[in-house]
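Summary of structural features
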Amino acid sequence: RRAAKVRGMRRVVCVAEKPSLAHAIARALANDDGGEGDGSLRTRRGGATDVHEFTRPFDGLGACAWRVTSVTGHVMSVEFPERYANWDQCDPGELFAARVVKRADGRVARHLETEAKGCDVLILWLDCDREGENICFEVIEACGRVGKVLRAKFSAVTKDSVERALRTLVEPNINEALAVDARQELDLKMGVAFTRFQTQYFLNKYDRLDARVVSYGPCQTPTLGFCVQRHLEIIRHVPEPYWVLDVAISRDDDVDDVVLAWSRSRIFDELAARVFLQLVHDAVRLRVVAIDVKEEKRVRPSGLNTVEMLKTASAGLGMGAHRAMQVAERLYMAGHISYPRTESTAYPRGFELKETLGIQKSHPTYGEFVSRLLEDGAFTAPRRGVDVGDHPPITPMRASTEDQVGGGEAWRLYDFIARHFIASVSPDCEYETQTARFDANGESFSAQGVRVITHGWTEIMPRRMIKDCPLPTCVVPGANVEMKSVRLRSEMTAPPGYLTESELIGIMEKNGIGTDASIPTHINNIQVRKYVDIEKGRRMVPTQLGITLVQGYYAIDAELVLPTVRRHVEQQLDLVAKGEAPYEGVVSHTLAQMFDKFNFFTTNIAAMDALFEASFSHTTTESTPYSKCGRCLRYLKLVGASGRIQRLYCPMEEVVYELPIGGAFKQFNGKTCALCGFELLIFTVKGTGRNFPLCPFCFNHPPYEGSPRVKAMLRGSPHPCTHPVADALAVCPCPECPPDKGSMVMLDPTSGYKLHCSTCDVLMKLPANIRKVSVSEDAECAACQAKCLDLEYFSGDKTLACLACEDELSEGTKLVHSRNTSSDGRGRGRGRGRGGRGGSRGRGDDSRHSGGGASRCAPKLA
């Protein structure tokens, strides 16, 4: 009889996002406590998940047969067609233009179609965020032809919330669903294309690369980038000594001393610090100049959103963000808390704050405090926060005990959520600060005391409570206080610590990387893929693979790792969700931009490959320290010393510096570049014996125009003569190069008698009686403005001379071409120095450089 009765009724089918949520909604709607429902909830096994059945009226349709079932997340997944599945038969770049398909989970789709077939009303109880809105339309498609389709908006799984949602049903939002479709397609195409290319390029190429997949993700990679950036800040930090003057006075209890704060904080000059120490020591006593009293407040917290919950869970509750989100979802589905995915920190207008708070009056831990709030008039309206219109802040929905939530992680998280909510409607903490100012021979110090007026909300959150700490009774204005100790403390500046997970969450939120729901997933991904290790204090320490990847992206296209591109994409998706931008236009425009970046990346993959070779090739382990990095001050390694192409590799920063092709290298006695601090090398052009100074950093990142191309065969100076490294050895223009070429004759840094042209193969050999030569730093020729040479002869004589204008020096200098002569022969006789006989034009007019005879110019100080 009952089956016949049900067959004659209108049918209402409800679909929730998870089985446990479906069961909770069914229990609330069936109304077992004797309401509109018949109180007889029946559960049977469906094709994929359980189906809960009961009868109750609905919206003027009279008694209806209700079915409540669920999906298990997304019903459909976005994939490429089958022809793109084989990595070896598809070029990764083709994926940007490939069509994507939504492939349904057959078992769940058949289950929905069976249960919803012929129903009059389909009510969607999916999570109330964009992802849930997208699943709504997947459910609609799987159900097939049904009657009216409605959407329930709810923030908690309590009877009141469910009934309220049933009274305020709306239509599903297609724009929010399309925004998720757009994000899924963009992430799929960008992530898979880059990942396939990187994996195919690097996998099995290097014996020390322990990775199955070398992945890229539009959110994952910027997340990793934040961790690597902090790592670079740490290793680039150069410790610097500083000194602090510590002065202590006795406290009343004579147990702990009061250490005063020095107004100078710290100074970096030890001699000056010792002068101040003597001044204060000679004063013997401190004079109390004044005591400033000020009342202050520690304001109550705003409503709790997802990001703040995750940050606190990671920093204070011993849970990672990913794990905390899982625990929060379980608490929500069990009805202990409201929906845990929200960006709002402001309670919406009409939110029943006192009713929600009143639930906690019966709690054995918080009940007494809550009763005082409600009965003594201490209830305080919450602070203004941000209401983004998604869900109210996270609140407790039941007065649950530790046993009821299951103890452990679940209790720690629930306890924090409950205390935070109670604190948000409690009075502010008020306290008084007393700041005493002291003087000792002109040096100022201070000490601060605290007196609590009312603990306010910190009483329910004792970790944030302020303790009374008054000033010693001897500290009164005008008093002279005896110093118990005076000492000079030496310290070293320290680098920042590695990012904590809590800090990383805050940085991701600030830069628009991920959503409140996806942030934990991105952090978990970089950990699972071995790009970071989570160490003590949940600090994110990047691995060698993670650092190499990020530095590789920086070497090719920094926007692949910076948050700017993803932030822009998220802004475009927001416009789609609001109906202000077309789905197809946003997708096609973004894909076109990323396709250009992909092509540029693949064309220049050699820059990243050089890093992988240096980091993961067995030959790198055999390399020896070679030259010092100007950033981290650690030694670089010479990679490929036996091959044609050589590089310097910094294992700390995971950076590779290309070296000129076509020569040999050796160290330059510890000399450093004035611009970047890198140790200089000596570059010897192969087969010529011509030597030039080389700065590895400036060669890869030229600070001046006219620098040679990095990967070109180099036959001259690695730097233009405007660079300080080259300018220090440059003397005068080359006599055989055109004036507009800017070529200069440079002193060989390894020899005391040779000079080379910076571009051509001209070699000048000074007379044999010269023992030592150097380029003068402060003298130039008055006639031709060439730099003068400081000459020291074997006879012991020293002189300052111009190579171009001094006839004796010019005529004794031999000009040859380095490709036709050995590097250690020394010529004699008349030469063709600039301005000497046969010399060509240099700086100045023709008359200054013609003819021989005695020099018509004398060097003068510049």
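About the criteria used
Residues numbered from 1 in each chain as written. Predicted model: local features only at pLDDT ≥ 70, side-chain atom pairs only at ≥ 80, totals over all residues. Heavy atoms only, no water. Helix = DSSP H or I, 4+ residues; strand = E, 2+ residues; numbered from the N terminus. Rg over C-alpha atoms; globule rule 2.2 N^0.38 Å. Contact = heavy atoms within 4.5 Å. Lys, Arg positive; Asp, Glu negative; His and termini not counted. Charge placed at Lys NZ, Arg CZ, Asp CG, Glu CD. Phe/Tyr/Trp six-rings, centres within 6.5 Å; stacked < 30°, edge-to-face > 60°. Buried < 20%, exposed > 50% of the residue type's maximum accessible area, 1.4 Å probe, protein only. Lys NZ or Arg CZ within 6 Å of the ring centre and 35° of its normal. Salt bridge = Lys/Arg side-chain N within 4 Å of Asp/Glu carboxyl O. Pairing = 2+ DSSP bridges. Axes fitted to C-alpha atoms, helices over the stretch in contact; angles between N-to-C directions. Expected span 1.5 Å × (residues − 1). Polar contact = N/O pair within 3.5 Å; in protein donor to acceptor, adjacent residues only side chain to side chain. pLDDT = per-residue confidence, 0-100. Core = buried A, V, L, I, M, F, W, Y, C linked by side-chain atoms within 4.5 Å. Parallel < 35°, antiparallel > 145°, perpendicular 65-115°, else oblique. Nonpolar A, V, L, I, M, F, W, Y, C, P; charged D, E, K, R; others polar. Arc of directions from axis to C-beta.

Moving on to the overall build of the chain. Looking only at helices and strands, the chain features 24 helices and 33 strands. A compact globule built from 862 residues should have a C-alpha radius of gyration of about 29 Å, whereas the chain, at 38 Å, is more than 25% larger. Seen through its principal axes, the chain has C-alpha atoms that stretch 130 × 85 × 45 Å. Intrachain contacts of the chain at a sequence separation of at least 6 include 66% that bridge at least 24 residues. The distance from the centre of the 110 positive side-chain charges to the centre of the 108 negative ones in the chain is 4 Å.

Considering all chains together, one arrives at 27 aromatic pairs under this definition. Centroid distance phenylalanine 80 to tyrosine 84: 6.2 Å. Interplanar angle 55°. Geometry classified as tilted. Tyrosine 84 carries the same exposure label as phenylalanine 80, and that label is buried. Each ring, one from tryptophan 262 and one from phenylalanine 276, has its centre 5.8 Å from the other, and the planes form 70°; the classification is edge-to-face. Of this pair, tryptophan 262 sits in strand β10 (residues 257-262) while phenylalanine 276 sits in helix α8 (residues 270-283); the two residues are 14 residues apart in sequence, bridging distant segments of the chain. For tryptophan 262, a relative accessible area of 7% corresponds to the buried category. For phenylalanine 276, a relative accessible area of 16% corresponds to the buried category. Here a set of aromatic residues connected by ring pairs shows up, and it is made of Phe96, Phe194, Phe197, Tyr201, Phe202, Tyr216, Tyr553, Phe595, Phe598, Phe601, Phe612 and Phe616. Sitting above the plane of the tyrosine 242 ring, arginine 266 keeps its charged end 4.6 Å from the centroid.

Let us now look at the pattern of salt bridges. Per the counting criterion, the structure on display carries 48 salt bridges. A salt bridge links arginine 56 to glutamate 163; its shortest N-O distance comes to 3.1 Å. One end of the pair, arginine 56, is in strand β3 (residues 50-57); the other, glutamate 163, is in helix α5 (residues 159-167), and 107 residues separate them in sequence. Salt bridges sharing partners connect three or more residues here, namely Glu17, Lys18, Asp127, Glu329 and Arg341.

This brings us to the sheet that holds strand β12 (residues 429-440). With antiparallel pairing, seven strands are arranged side by side in an open sheet as β14-β11-β12-β13-β10-β9-β15. Two strands bound the open sheet, and with one partner strand each, they are β14 (480-482) and β15 (485-492). Here the strands of the sheet are splayed against their neighbours by 40° on average, with no regard to which way each runs. Two strands pair when backbone bridges link them, and strand β9 (residues 241-250) and β10 are joined in this way by four bridges, in the antiparallel orientation. Looking at the pairing, valine 247 lines up with leucine 260 of β10.

On to helix α6 (residues 174-202). Between the first and last C-alpha of α6 there are 42 Å, a value that for 29 residues agrees with the 42 Å anticipated at 1.5 Å per step. N-capping of α6 is provided by asparagine 173, with a side-chain oxygen placed 3.0 Å from the backbone N of asparagine 175. Two residues or fewer past α6, asparagine 204 is found with a positive phi of approximately 65°.

A few words now on the confidence of the model for the chain. Overall, the prediction assigns the chain a mean pLDDT of 86, with 91% of residues at 70 or greater. Low confidence marks residues 820-862, where pLDDT is under 50. Its contacts with residues over four positions away, or in another chain, come to 113 contacts.

One finds Phe58, Trp66, Ile123, Trp125 and Phe612 to be the most contacted residues of the largest nonpolar core, which totals 200 residues. The element contributing the most residues to this core is helix α14 (residues 408-424), with 10 residues. With residues near it in sequence (within four places) discarded, phenylalanine 612 still touches Phe202, Tyr206, Leu209, Val214, Leu545, Thr548, Leu549 and Ser617. With 25 residues, the next largest nonpolar core counts Ala273, Ala436, Ala440 and Ala479 among its residues.

The subject of this paragraph is the side chain of serine 424. Within the secondary structure, serine 424 is located in helix α14. Within polar-contact distance, the side chain of serine 424 engages the backbone oxygen of phenylalanine 421 at 2.6 Å. Among residues more than four places away in sequence, those in contact with serine 424 are Arg300, Pro301, Ser302, Tyr347, Thr380 and Pro382.

Let us look at the side chain of serine 717. Turning to its location among the elements, serine 717 is positioned in the loop between α22 (696-700) and α23 (724-727). A polar contact of 2.8 Å, which involves the side chain of serine 717, links it to the backbone oxygen of histidine 719. Setting aside its immediate chain neighbours within four residues, serine 717 contacts Phe692, Pro708, Ala726, Met746 and Ser758.

Attention now moves to the packing of helix α2 (residues 19-30) against α5. Packing of α2 against α5 brings their axes to within 9 Å, and their N-to-C directions diverge by 80°. Classified by the interaxial angle, the pair formed by α2 and α5 is roughly perpendicular. Contact with α2, carried on its side by Ile25, Ala28 and Leu29, involves Lys159, Val162, Glu163 and Leu166 of α5 and no other residues of that element. Of the residues belonging to the contact of α2 with α5, the class tally is five nonpolar, no polar and two charged.

The next subject is the environment of valine 299. Assignment of secondary structure puts valine 299 in the loop between β11 (285-298) and α9 (306-316). Measuring from C-alpha to C-alpha, the distance between valine 299 and tryptophan 457 comes to 8.4 Å, with 158 residues separating the pair along the chain. Not counting the four nearest positions on each side in its chain, valine 299 is found in contact with Arg383, Asp428 and Trp457.

Pairing geometry for strand β2 (residues 42-45) and β3, over four bridges, is antiparallel. The residue of β3 that forms the bridge with threonine 43 is histidine 52. Where β2 folds back onto β3 in an antiparallel hairpin, the turn is made up of four residues.

Another aspect to go through is helix α16 (residues 519-528). Because the α-helix completes a turn every 3.6 residues, residues three or four places apart line up on one side. Taken together, the buried positions of α16 are Ile519, Pro520, His522, Ile523 and Ile526. Down the axis of α16, the buried side of the element spans an arc of 165°, and every buried residue falls inside it. Considering only its buried residues, α16 is in contact with α7 (220-236), α9, α10 (321-333), α15 (501-510), β16 (532-535) and β17 (539-542). Lysine 530 sits one or two residues past α16 and shows a positive phi near 65°.

A separate point is the sheet that holds strand β27 (residues 754-757). In spatial order, the strands read β25-β26-β27-β28-β32; together these five strands make up an open sheet with antiparallel pairing. A strand with exactly one partner marks an edge of an open sheet, and here the two such strands are β25 (730-733) and β32 (814-817). Direction aside, neighbouring strands of the sheet carry axes that sit 25° apart on average. Taken together, the four bridges between strand β28 (residues 762-765) and β32 define a ladder with antiparallel strand orientation. Residue pairing for β32: lysine 765 is matched across the bridge by lysine 814.

Two elements, β16 and β17, share four bridges in a ladder whose sense is antiparallel. By the bridge assignment for β17, glutamate 535 is matched with arginine 539. Count of turn residues in the β16/β17 antiparallel hairpin: three residues, of which glycine 537 carries a positive phi of about 80°.

So, on to the environment of arginine 451. Topologically, arginine 451 is positioned in strand β13 (residues 443-454). Taking C-alpha positions, arginine 451 is 9.4 Å from glutamate 295, a pair spaced 156 residues apart along the chain. Setting aside residues up to four positions removed in sequence, arginine 451 forms contacts with Tyr431, Glu432, Gln434 and Asp468.

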